[in-house]
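What follows is each chain in one-letter form.
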Amino acid sequence: MPGYEPSLQWQEPDRNQGSNNMGLTELWLKLAFQKPGCPICRLRQESEDRYLFNLLYEHVTDGITRMHLVHAMGLCSEHSWMLQATEFRHWHDGLGVGIIYEDLTERVLQSLYQYQASNSPSRISKRKALRQRLEHMGWFGRWLAQQLVREVPVESLLQQISPVDSCPACRIIEALEDNYLHSLVRQATVPEFRSWYAASDGLCLPHLRRALAYTKDEEVVRFLVEEAARRLGQLRVHLQEYVRKHAWDNRHESKTSLEQSSWIRAVAFFAGECREEREDVDQLRQKALDNYHKQAVMSSHEQ
Amino acid sequence: MSGGLGYYALRDALLEPGCAVCRLKATAMARYLDSLLWENVNDPGIRRKIRQAQGFCQVHAWELVHRGASLAAALLMRDVLQNALKIVKEGCPRTLLDKPLRQTARELFYRQRHTLSDELVARLAPKARCPVCAQGEEMERIYLDTLVSQLLGKDGLLSAYETSDGLCLPHFLQALERVHEKEVLDALVKAQHQIWERLVEQLNEYIRKSDYRFCNEPWGDESDAWLRAIAAVAGARQESGQQ
């Protein structure tokens, strides 16, 4: 809920409960494993969509929400434009966004107005005259002039129109992301959970780094590293084939779906998932993921 | 006015809708990507920069996909991937004996034992910024300096600025930080004030016309004020293929 700051900070779970107790978060993860791309990126996108929808549907005129938005001078650039796209997609309108940003624009405008008013030519000439008169009154007058007749510096204007807090959407989504990552590394000791993970596209590099930083369990680290190395090894082969088949003398060789999607999967691995949905890109990735599923089933049969 | 290329680019961009610096920054980044994909995929210096940055940031990495630069992306990513794969395959030294002698000695002496993951995370972290972002920020700095230095005087940019959509709030803040002369500061604040005042009036009108009592009134210039308000406060949208 955007209106208040929910307690989303990660709390160490009760170890006595055992790691087999899968909660809602783990089930969300399981569902995300079945779709193409990094599961955490996908869950992050879903959380972002929910947050922005709720903000527009429920909290546009909520005082606390608006206070957070004022402190952060609106959402960050990325979430602002996502908010606009969300409102347009659901309501074909911009009233909610208009109300939020009218308030912010008005506040910035007031700060500029105050600066202008205190630095108008008439005020400046009055200040100058007063300073001169005071400075003729000896050391006390000079001291008084220094204390009383001050120009309004640009720093105060900068302070007034700068954000004092980070984007509320980023803050909440980051906390949710942390929650998902902590659940993932906690459950990575469970064989069933590991098989789900093995059949997925795995984590992207930014999330892999964070997942590794969240665990001290050497077994989990080894599992995540082995999985990443296995996927990257396959991806490298597919990329090499994709590049090789672009050469003039190999142009007649047809590319497999895994090779066709290899360059997109490589981008997704290093940069995280794309926020815009693209049907053609998704289809290519789904084909590649189906292949992982087949491999996971085959390896489980062999075992 | 000997303003240089930045001056003329700014003068032209101020005639276009939205924040001129956002527009020019987006153009600079798009040009950089174009030249990278068209000319420099096999340039060793650029490849080294990309390897150090572990590829591109999320926005610019997906820009490769949106541009359909499949072969260039495959070549660049293969390079980055081989580097990452080497780190991941090497994993981490499992025991003290597997580590370099100096590190083992230091750990034993200072009792600083890093966990397996800490070392791996450090090795996998990018060592440089996304090259496209770095280029964009460099150009942004040049344009803001040009705007501030060329705002007043004969053929100054002030008249074009006053009739434009002004700067977005993040760029306005950056411009204010660069101002050293009071006249320039006053002119900039006054012009921006007028621009935002106009925008607030249009937003008020947009909200009024969304009321059921006035919803029959035809839309005027205020119809896209909500979009311009987002752009004014948050900066322009980073779109794929934005020119």
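Residues numbered from 1 in each chain as written. Chains lettered and ligands numbered in written order. Predicted model: local features only at pLDDT ≥ 70, side-chain atom pairs only at ≥ 80, totals over all residues.

1. A short note on the environment of Thr61 of chain A
In this structure, Thr61 of chain A sits in the loop between helix 2 (39–58) and helix 3 (63–71). Distance from Thr61 of chain A to Pro153 of chain A, taken between C-alpha atoms, is 34 Å for residues 92 residues apart in sequence. (Helix = DSSP H or I, 4+ residues; strand = E, 2+ residues; numbered from the N terminus.)

2. A word on the interface of chain B and chain A
By convention, interface size is frequently given as the accessible area that disappears when the constituent parts associate. With 61 residues of chain B at the interface, the matching set in chain A holds 60 residues. Counting residues per element, the ones that place at least two in the side of chain B that touches chain A are helix 4 (58–66), helix 5 (70–90), helix 7 (116–124), helix 10 (169–178), helix 11 (182–209) and helix 12 (225–234) of chain B. A breakdown of the residues in the side of chain B that touches chain A according to their chemical character gives 41 nonpolar, 13 polar and seven charged. (Contact = placed C-beta atoms within 7 Å. Nonpolar A, V, L, I, M, F, W, Y, C, P; charged D, E, K, R; others polar.)

3. A few points about the confidence of the model for chain A
Residues shown with low pLDDT carry predicted positions that ought not to be read at fine detail. Of the residues in chain A, 85% reach a pLDDT of 70 or more, and the chain-wide mean stands at 83. Note that residues 4–8 of chain A has pLDDT below 50 and, in this model, six contacts with residues that lie over four places away or in other chains. (pLDDT = per-residue confidence, 0-100.)

4. So, helix 9 (residues 168–187) of chain A
Note: α-helices contain 3.6 residues per turn, so residues at a spacing of three or four share the same orientation. With 20 residues, helix 9 of chain A extends 29 Å between its outermost C-alpha atoms, agreeing within 8% with the 28 Å of an ideal straight helix rising 1.5 Å per residue. The complete set of buried residues in helix 9 of chain A reads Pro168, Ala169, Ile173, Leu176, Tyr180, Leu181, Ser183, Leu184, Val185, Arg186 and Gln187 of chain A. (Expected span 1.5 Å × (residues − 1). Buried ≥ 20, exposed ≤ 12 C-beta atoms within 10 Å, placed from the backbone.)

5. Comments concerning the nonpolar core
Note on soluble globular proteins: their nonpolar side chains tend to be buried together. Ranked by internal contacts, the top residues of the largest apolar core, which has 134 residues, are Val267 of chain A together with Met77 of chain B. By residue number, the principal contributor to this core is helix 11 of chain B, which donates 11 residues. Those residues in contact with Met77 of chain B that sit more than four places away from it in its chain are Leu239, Trp263, Ala266, Val267 and Phe270 of chain A together with Gly55 of chain B. (Core = buried A, V, L, I, M, F, W, Y, C linked by C-beta atoms within 7 Å.)

6. Here's the deal with the domain arrangement of chain B
Residue and element names in this part refer to chain B. According to the domain assignment, chain B consists of domain 1 (29–124) and domain 2 (131–234). Between domain 1 and domain 2, the residue contacts involve nine residues of the former and five residues of the latter. Where the side of domain 1 that touches domain 2 is concerned, the elements lending two or more residues are helix 2 (20–38) and helix 3 (44–52). In terms of residue count, helix 2 provides more of the side of domain 1 that touches domain 2 than any other element does, three residues in total. When the residues that make up the side of domain 1 that touches domain 2 are grouped by side-chain class, the tally is seven nonpolar, one polar and one charged. (Domains from an automatic or database assignment.)

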